[in-house]
Amino acid sequence: MEFTCTTRNVRMSAKKVREVTRQLLPRKNKKGEKEGMLVSKAQAVLSAIPRKSARFIEKTLNTALHNAEHIGAEWSAAEVQEKVADLKQRIENHSDENGIIQRKHRHLKAKLAKLEAYLDNGGKVDTRKLKIKTAMATSATPLRRWMTRARGGGSVILKRCTHIRITLSDDE
């Protein structure tokens, strides 16, 4: 099962944040397979990096971890089964005779997959076994400021912003 957290509009350039997120990305193990970093190890790595961007990434990672704990503690199997049945009905209502879902309702498949993964795990999430599947920093809309220049002109100052997204997974 995957747990995602996004921190939006962080006032720092994406280039500076990417330098830190690259250290958390999955690496190849001895068998040649990509393997994500454990959350506990990632927290230790981030606490050792003396950069402002590491603090933002650490906050996002902790929020994703708490999302996983919350889902494991708050959801019950009966409620999830009702939601799955409801989602299947909605998908069936918004698809044509070939089984193709209307464009604005495609997100329902992702919701259904998440709930079914929860049911497959038996409703239990072991946060100690969570690994980082993806860690990415993308550019957000920059803030534009003006600086006066010679002869009544002006130039733009871009205050760059970033979206940070971290996805945790407990897949083996």
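From a predicted model like this one, the values you see are computed outputs, not experimental measurements.

Asker: Got a sec to walk through the overall build of the protein? Specific residues and values, please.
Answerer: Of the regular secondary structure elements, the protein holds five helices and seven strands. Each helix and strand of the protein, ordered N terminal to C terminal, gives the series β-α-β-β-α-α-α-α-β-β-β-β. What you see for the protein is a C-alpha radius of gyration of 21 Å, clearly larger than the 16 Å of a compact globule of 172 residues, by over 25%. Overall, the protein is about 70 × 45 × 35 Å in size when its C-alpha atoms are taken along their principal axes. For the protein, buried positions account for 31% of its 172 residues.

Asker: Before we move on, can you summarise the nonpolar core with the specific residues and values?
Answerer: The biggest cluster of nonpolar side chains holds 37 residues, and the ones touching the most others in it are Phe3, Leu24, Leu46, Ile57, Leu61 and Leu168. Sorting the residues of this core by element identifies β1 (2–10), α1 (14–21), α2 (39–48), α3 (52–74), α4 (77–93), α5 (107–120), β4 (131–139) and β7 (162–169) as the ones contributing at least two each. When near neighbours in sequence (up to four residues on either side) are disregarded, leucine 61 contacts Val39, Ala42, Gln43, Leu46, Ile132, Ile166 and Leu168.

Asker: If you had to explain the side chain of threonine 167 to someone new, which residues and values would you point to?
Answerer: Structurally, threonine 167 is set in strand β7. Dropping the residues within four chain positions of it, threonine 167 is found in contact with Glu2, Phe3, Thr4, Lys131, Ile132, Lys133 and Thr134.

Asker: Before we move on, could you go through the pattern of salt bridges and cite the residues and values that matter?
Answerer: Within the structure shown, the criterion is met by five salt bridges. Between arginine 51 and glutamate 19 there is a salt bridge, with its nearest N and O atoms 2.6 Å apart. Here arginine 51, found in the loop between α2 and α3, pairs with glutamate 19, found in helix α1; they are 32 residues apart in sequence, far enough to count as distant. Measuring nitrogen to oxygen at the nearest pair gives 3.6 Å for the salt bridge that ties glutamate 58 to arginine 55. Of this pair, glutamate 58 and arginine 55 both sit in helix α3, three residues apart, which is roughly one turn of that helix. Exposure remark for arginine 55: the relative accessible area of 33% places this residue in the partly exposed category.

What counts, and where the lines are drawn
Residues numbered from 1 in each chain as written. Predicted model: local features only at pLDDT ≥ 70, side-chain atom pairs only at ≥ 80, totals over all residues. Heavy atoms only, no water. Helix = DSSP H or I, 4+ residues; strand = E, 2+ residues; numbered from the N terminus. Rg over C-alpha atoms; globule rule 2.2 N^0.38 Å. Buried < 20%, exposed > 50% of the residue type's maximum accessible area, 1.4 Å probe, protein only. Core = buried A, V, L, I, M, F, W, Y, C linked by side-chain atoms within 4.5 Å. Contact = heavy atoms within 4.5 Å. Salt bridge = Lys/Arg side-chain N within 4 Å of Asp/Glu carboxyl O.

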